[in-house]
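Listed below, chain by chain, are the residues.
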Amino acid sequence: MRIILLGAPGAGKGTIAKMLTDYDGSVQISTGDILRGAVKGATELGEKARGYMERGELVPDSLIMEIMESRLQEPDCRKGFILDGFPRTIPQADALKNLLQKLHLKLDRVINLDVPRDVILDRLTTRRTCSNPNCQEIYNVKSKPPTPDGKCKKCGSPVIQRADETEEAITKRLETYNEKTAPLIQYYRKEGSLKNISSTSSDEIFNNIKATLKAG
Ligand code: AP5
């Protein structure tokens, strides 16, 4: 499958993307994970991105498109890809359209995860993430806890809270989402490729996406 997952911070994009990759072998491409890896590795990209991310602002479109232009041409993308957290602005969506045309690739669907704001706020303050960059399993102290001593159940590494999970950064991320990313819902609706899913159940969302893709 080749899909875009849209949704506010904490809507569950990463959680659903992992379920979908387990299902059909498509790769999850999370610009957030790529950027966090770069920050951790103190690369040039990481140094440029760090401040924006910690403040809950978007990283400039030019940096993101540089990453995506090369990532989408890597061999593992031939199995299909799930774009998690990209595109996030209208210029990124326009640039993606051109890039896909250049690569002769067609998207199957754009899925919007529509989750109430109070649920999102609760999820973001209770999320934990595996600190191993090759694992990055997502946990939640309420709905999907790690081991009692705070370790990842898959790889045993410590689970951590992200640097952008302060109250101030969460508020800013939600504001940025409303201003810059929410307009993409209308953008893809106009194109006829949008499927809106209003649910807080990951299983229900997963089954709905599978049914949508089967229906064509
Ligand atoms: P990014 O990493 O993309 O963060 P985000 O969009 O804010 O999304 P999150 O990862 O916070 O949430 P999610 O929707 O994946 O939810 P999750 O599955 O974890 O981006 C971070 C930063 O990088 C940005 O702020 C920006 O600075 C930069 N950036 C990234 N991409 C960019 C781009 N394209 N352009 C510019 N800048 C960019 O779930 C959340 C929690 O809820 C977890 O604890 C999970 O266990 C729990 N949960 C999920 N589903 C359920 C459920 N059904 N029931 C109960 N709990 C659930």
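Residues numbered from 1 in each chain as written. Predicted model: local features only at pLDDT ≥ 70, side-chain atom pairs only at ≥ 80, totals over all residues. Heavy atoms only, no water.

(A) Examining the sheet that holds strand 8 (residues 194-198) more closely. In spatial order, the strands read 2-3-1-4-8; together these five strands make up an open sheet with parallel pairing. A strand with exactly one partner marks an edge of an open sheet, and here the two such strands are strand 2 (27-30) and strand 8. Strand-to-strand twist in this sheet, taken as the mean axis angle between neighbours without regard to direction, amounts to 20°. The sheet contact formed by strand 4 (residues 109-114) and strand 8 spans five bridges and is parallel. (Pairing = 2+ DSSP bridges. Helix = DSSP H or I, 4+ residues; strand = E, 2+ residues; numbered from the N terminus. Axes fitted to C-alpha atoms, helices over the stretch in contact; angles between N-to-C directions.)

(B) View of the site of the ligand. Lining the immediate environment of the ligand, one finds 34 residues, of which T15, E57, R88, R127 and R173 sit closest. R173 is positioned with one of its side-chain polar atoms (N or O) 2.6 Å from an oxygen atom of the ligand. At the level of secondary structure, the elements contributing two or more residues to the shell around the ligand comprise helix 1 (13-24), helix 2 (31-40), helix 6 (117-126) and strand 6 (138-140). A total of four residues in the shell around the ligand trace back to one element, the largest contributor, which is helix 2. Considering only residue class, the shell around the ligand consists of 12 nonpolar, 13 polar and nine charged. (Near = heavy atom within 4 Å. Polar contact = N/O pair within 3.5 Å; in protein donor to acceptor, adjacent residues only side chain to side chain. Nonpolar A, V, L, I, M, F, W, Y, C, P; charged D, E, K, R; others polar.)

(C) Focus on the sheet that holds strand 6. Read across the sheet, three strands follow the order 6-5-7 without closing on themselves; strand pairing throughout is antiparallel. The sheet terminates laterally at strand 6 and strand 7 (159-160), the two strands that pair on one side only. For strand 5 (residues 127-130) and strand 6, the ladder comprises three bridges, and the chain directions are antiparallel. Directly across from R127, in strand 6, lies its bridge partner N140. Relative to the sheet, helix 6 contacts strand 5 and strand 6, its axis offset from that of strand 5 by approximately 45°. (Contact = heavy atoms within 4.5 Å.)

(D) Focus on the packing of helix 2 against helix 3 (residues 44-55). Here helix 2 crosses helix 3 at 115°, and the two axes come no closer than 8 Å. In terms of orientation, helix 2 lies roughly perpendicular with respect to helix 3. Our pair here, helix 2 against helix 3, has a crossing hand that is left-handed. Facing helix 2, whose interface residues are G32, L35, R36, A38 and V39, helix 3 presents L45, G46, A49, R50 and M53. Of the residues in the contact of helix 2 with helix 3, the class split is six nonpolar, two polar and two charged. (Parallel < 35°, antiparallel > 145°, perpendicular 65-115°, else oblique. Left-handed = near helix turned anticlockwise from the far one by under 90°.)

(E) Quick peek at helix 6. If you check which residues of helix 6 are buried, you get I120, L124 and T126. Tucked inside the fold, the buried residues of helix 6 contact strand 5, strand 6 and helix 7 (167-181). (Buried < 20%, exposed > 50% of the residue type's maximum accessible area, 1.4 Å probe, protein only.)

(F) Representation of the nonpolar core in the model. If you look at the biggest cluster of nonpolar residues, it comprises 50 residues, and the most contacted ones within it are L72, L83, Y188 and I209. By residue number, the principal contributor to this core is helix 4 (residues 61-71), which donates five residues. C135, Y139, C152 and V159 belong to the second largest nonpolar core, which has five residues in total. (Core = buried A, V, L, I, M, F, W, Y, C linked by side-chain atoms within 4.5 Å.)

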